[in-house]
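Structural description and commentary
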Amino acid sequence: VDISSDDVPLVPSTLSNAEELIERFKFEVDIEKGLQNDQFYMIYQPIVQLADGRIRGFEALMRWQHPEWGNVPPDRFIDVAEAMGSVGLLTEFALVEACQSLARINRSRDRPLFASVNISGQDVGRAGFVDFLEHLLDLHDLDPKMIKLEVTETALLPEDDQVAANLVLLRQLGCGISIDDFGTGYSNLGYLKALPLTALKIDRAFAGDVSKNPVSRSIVRLLVGLGRELGVDVIAEGLEAQEDVEILCESGCRYAQGFHFYKPMLLPQLEACLSAERANHQDVA
Ligand code: C2E
Ligand code: MG
Ligand code: MG
Ligand code: MG
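Only a predicted model underlies this, so the values are computations on that prediction, with no experimental measurement involved. (Residues numbered from 1 in each chain as written. Chains lettered and ligands numbered in written order. Predicted model: local features only at pLDDT ≥ 70, side-chain atom pairs only at ≥ 80, totals over all residues. Heavy atoms only, no water.)

Quick look at the pattern of salt bridges
- Under the definition given, this model contains ten salt bridges.
- One salt bridge in this structure joins Asp 52 and Arg 56, with 3.2 Å as the shortest N-O distance.
- Notably, a salt bridge pairs Glu 150 with Lys 201, separated by 2.6 Å at the nearest N-O pair. Within this pair, whereas Glu 150 is found in strand β5 (residues 147–152), its partner Lys 201 is found in strand β7 (residues 199–202), the two being separated by 51 residues in sequence.
- Relative accessible area serves as the criterion here: at 1%, Glu 150 is assigned to the buried category.
- A residue is classified by how much of its surface remains accessible, and Lys 201, at 0% relative accessible area, is buried.
- The network of salt bridges with shared partners includes Glu 59, Glu 150, Lys 201 and Glu 237. (Salt bridge = Lys/Arg side-chain N within 4 Å of Asp/Glu carboxyl O. Helix = DSSP H or I, 4+ residues; strand = E, 2+ residues; numbered from the N terminus. Buried < 20%, exposed > 50% of the residue type's maximum accessible area, 1.4 Å probe, protein only.)

What follows is the structure, encoded as structure tokens:
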């Protein structure tokens, strides 16, 4: 599979509403067919501890290899699936794959990694979601602490009681809850008070240009400080340049991910990276 291709198939935005609706229905049928025909797969981007550059976990990212359209970016099909109310199928697929991969990796490690999985607000609010995850964790004998659910700010409508109630249940189960793309959704931070969060992910829009943009640098310092005050982990996303890595490190940010460290990769490649890291570390010791 070619995971680097940037083909961008589209539901064209110039269509009339009726046409667009029909396109979306077709798209949804294609998603369901794609799930049945193994067109979806997960890739994993390592998350490192900034202090020593070692891999502590990974984020699971979904890919869709469509027979006609090629590689469809998740930003596109997740949006459509959410609009059609069928994102749950994709989320279950992501969780099943990520838990299986995590269990496989951690079987051969003394110090377990964590896995982050992106979740739509629709999933969190669904009755049965917590049970589904609990069963999956049991099946693979996974420590719930090693699963972090990533939700975006916009998914956390403070008035949605079902979402808030399920987040509490997920925390009681022991899973982590990370706010993805932090700072890009709302200017209203009220949900920080109301919801049981364990991590903030600083969006690439800020973390990815701290060395060039003084405003980004101020925002990053603010968010790292906020994380420290709240007692939650902070993870910087989208680090590509060494200068940005240094500034994030100095700011006290604990974790990072980005092309500077690793691109997302298939499971066998991730396992190879982990073996290489272990071999390197033993050389040093
Ligand atoms: P996200 O959760 O914020 O994921 C981070 C995105 O940044 C990923 O894009 C990743 O490949 C990209 N990235 C990481 N490091 C770098 C870097 O150094 N430079 C650049 N330019 N990009 C970097 P991706 O895989 O295209 O995913 C886009 C978004 O789609 C994700 O943003 C997430 O919101 C959504 N998504 C992906 N997989 C899933 C999934 O399984 N379920 C759900 N609900 N959403 C998903
Ligand atoms: Mg994410
Ligand atoms: Mg993000
Ligand atoms: Mg994003």
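Some thoughts on the site of ligand 1
- In the vicinity of ligand 1, 22 residues are found, and the nearest of them are Arg 63, Asn 118, Asp 180, Glu 240 and Phe 259.
- At 3.3 Å, a side-chain N or O of Asp 75 approaches an oxygen atom of ligand 1.
- Between ligand 1 and Glu 240, the relevant distance is 2.5 Å, taken from a nitrogen atom to a side-chain nitrogen or oxygen of the residue.
- Elements with a contribution of two residues or more to the shell around ligand 1: β1 (40–49), β2 (55–66), α2 (74–83) and β6 (176–182).
- Its residues placed into classes, the shell around ligand 1 shows nine nonpolar, four polar and nine charged. (Near = heavy atom within 4 Å. Polar contact = N/O pair within 3.5 Å; in protein donor to acceptor, adjacent residues only side chain to side chain. Nonpolar A, V, L, I, M, F, W, Y, C, P; charged D, E, K, R; others polar.)

Side note on the packing of helix α5 (residues 129–139) against helix α6 (residues 161–173)
- Contact pair α5 / α6: the axes reach a minimum separation of 10 Å and the direction vectors enclose 20°. Compared by their axis directions, α5 and α6 come out roughly parallel. Where α5 crosses over α6, the two elements pack in a sense that is right-handed. Counting all contacts with α5, which are made through Phe 129, Val 130, Leu 133, Glu 134 and Leu 137, the residues of α6 involved are Asn 166, Leu 169, Leu 170 and Leu 173.
- Across the contact of α5 with α6, the residue classes tally to seven nonpolar, one polar and one charged. (Axes fitted to C-alpha atoms, helices over the stretch in contact; angles between N-to-C directions. Parallel < 35°, antiparallel > 145°, perpendicular 65-115°, else oblique. Left-handed = near helix turned anticlockwise from the far one by under 90°. Contact = heavy atoms within 4.5 Å.)

Focus: the packing of aromatic side chains
- Summed over all chains, the structure comprises eight aromatic pairs.
- Note on Trp 64 and Phe 77: the rings are 5.6 Å apart at their centroids and 90° apart in plane angle, and the pair reads as edge-to-face. In this pair, Trp 64 sits in strand β2 while Phe 77 sits in helix α2, placing the two residues 13 residues apart along the sequence. Take Trp 64 and Phe 77: they sit in the same class, and that class is buried.
- Centre to centre, the rings of Phe 114 and Tyr 255 are 5.8 Å apart; their planes meet at 80°, and the pair counts as edge-to-face. One end of the pair, Phe 114, is in strand β4 (residues 114–118); the other, Tyr 255, is in strand β9 (residues 255–256), and 141 residues separate them in sequence.
- The exposure class assigned to Phe 114 is buried, which follows from its relative accessible area of 6%.
- Put simply, the rings of Phe 27, Phe 40, Trp 64, Trp 69 and Phe 77 pair up and form one aromatic cluster.
- Just above the ring of Phe 114 sits the side chain of Lys 148; from NZ or CZ to the centre is 4.5 Å.
- The positively charged end of Lys 263 is found above the aromatic ring belonging to Phe 259, 5.0 Å away from the centroid. (Phe/Tyr/Trp six-rings, centres within 6.5 Å; stacked < 30°, edge-to-face > 60°. Lys NZ or Arg CZ within 6 Å of the ring centre and 35° of its normal.)

Everything listed here is a matter of geometry and, on its own, says nothing about what the molecule does.
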